Amino acid sequence: MERQKVLLFCDPGIDDSIAIMYALLNPALDVVGIVSGYGNVEQEQATQNTAFLISLANSGNIMIIGGAKGPLSGEYTPYYPEIHGEEGLGPIKPPETIVGELLNIDEVFKLIEKYGEELIIVDVGRATSLAIAFNLAGEEIMNTVPYFYIMGGAFFVPGNVTPAAEANFHGDPVAASLVLEKARNSVVFPLNVTNKAIVTPEIVNRIVATENNPFQPLLKAVFDYYFEAYQELVPGTMGSPIHDVVPLFALTNSDAFKYARRRVEIETKDGPFRGATIADFRPKPEEQPEELLDYIALEMDYNRFIEDFISVMTRKL
């Protein structure tokens, strides 16, 4: 089976870190590079976390590319240590020195040139780094990539950082708007789907009991921290949503989702709706040019998601 080549943009963060673990363990995915930017933690810490995870997998051939240090607007970025821990990995303190060489953003364009239509870009962090890539390279080069899988937004459900907005898009709505305007064949995975990607402590205990790979003890530690935070955020919850794994799962399980094709727009003005996602879900939506339409995930087969997550996370390494 030919593995799907992936360039991952992220800001680890606990759920981003679990997504990296999943991607590195998944036999169907070939991660050719990781772009680490600010978001859940500062860019330097996100890069250390990325390098630490790659070193655990003994995957030193994966490029680590330096992403954005702050939003396009230049606004102050709040971080959430109560959710992700001071250094982004809950109670875990990764080594302070970066493992390997931190590469410049132009390596993104070299990877696109090398792999072309074989490569899919997955962005599970703030959209800033991907927006910068579009600004530097231009739409023609970036859209050599056939699809952009993006975790962000919320449709038909409340936001998770404001009543209207999800954290990734709210963190830099200008960048998110730019990416969705310029990228062709964007596939958006909003909270109405990712909120349902609930992993319970029982599932994690089942995974770590196998002792098959070096990520499992780390998964237990960071998940327990994350779950404790979610019990405060969502009283009565039975587990924690692993938002950022969902787009990676979708890469090889597209039939586990139901999608709508609509143009996604982002509110960029200051006010209570800043960062909110907008799409026309009327029975007869206003006609838009085909190239402006995005794929919006509306439903996901939860049982398949969990079966796949357990299968991948218990894989021997």
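Residues numbered from 1 in each chain as written. Predicted model: local features only at pLDDT ≥ 70, side-chain atom pairs only at ≥ 80, totals over all residues. Heavy atoms only, no water.

Chemist: So what about the environment of phenylalanine 249? Which residues, and what values?
Modeler: Structurally, phenylalanine 249 is set in helix α12 (residues 245-252). In this structure the C-alpha to C-alpha distance between phenylalanine 249 and alanine 19, which are 230 residues apart in sequence, comes to 9.5 Å. Apart from residues no more than four positions distant in its own chain, phenylalanine 249 is found in contact with Tyr22, Ala256, Phe257, Met300, Arg304, Phe305 and Asp308. (Helix = DSSP H or I, 4+ residues; strand = E, 2+ residues; numbered from the N terminus. Contact = heavy atoms within 4.5 Å.)

Chemist: Provide a residue-level description of the packing of helix α10 (residues 201-208) against helix α11 (residues 215-233), including the pertinent values.
Modeler: For the pair α10 and α11, the least separation of the axes is 9 Å and the interaxial angle reads 170°. One element, α10, and the other, α11, form an angle in the roughly antiparallel class. Within the contact between the two elements, α10 uses Pro201, Val204, Asn205, Ile207 and Val208 and α11 uses Gln216, Leu219, Lys220, Phe223 and Phe227. For the contact of α10 with α11, the residue count by class is 7 nonpolar, 2 polar and 1 charged. (Axes fitted to C-alpha atoms, helices over the stretch in contact; angles between N-to-C directions. Parallel < 35°, antiparallel > 145°, perpendicular 65-115°, else oblique. Nonpolar A, V, L, I, M, F, W, Y, C, P; charged D, E, K, R; others polar.)

Chemist: How would you summarise helix α8 (residues 173-182) if you had to cite specific residues and measurements?
Modeler: Those residues of α8 lying buried are Pro173, Ala175, Ala176, Leu178, Val179 and Leu180. Tucked into the core, α8 has its buried residues touching α5 (128-137), β6 (148-151), α7 (167-171), β7 (186-189), β11 (265-266) and β13 (294-300). (Buried < 20%, exposed > 50% of the residue type's maximum accessible area, 1.4 Å probe, protein only.)

Chemist: Can you explain the nonpolar core? Please cite residues and give values.
Modeler: If you look at the biggest cluster of nonpolar residues, it comprises 66 residues, and the most contacted ones within it are Ile18, Met21, Tyr22, Val122, Leu248, Phe257 and Met313. The contact partners of tyrosine 22, leaving out residues within four places of it in the chain, are Leu29, Val245, Leu248, Phe249, Asp308, Phe309, Val312 and Met313. Formed by 36 residues, the second largest nonpolar core is a distinct cluster that contains Leu7, Val32, Leu111 and Val264. (Core = buried A, V, L, I, M, F, W, Y, C linked by side-chain atoms within 4.5 Å.)

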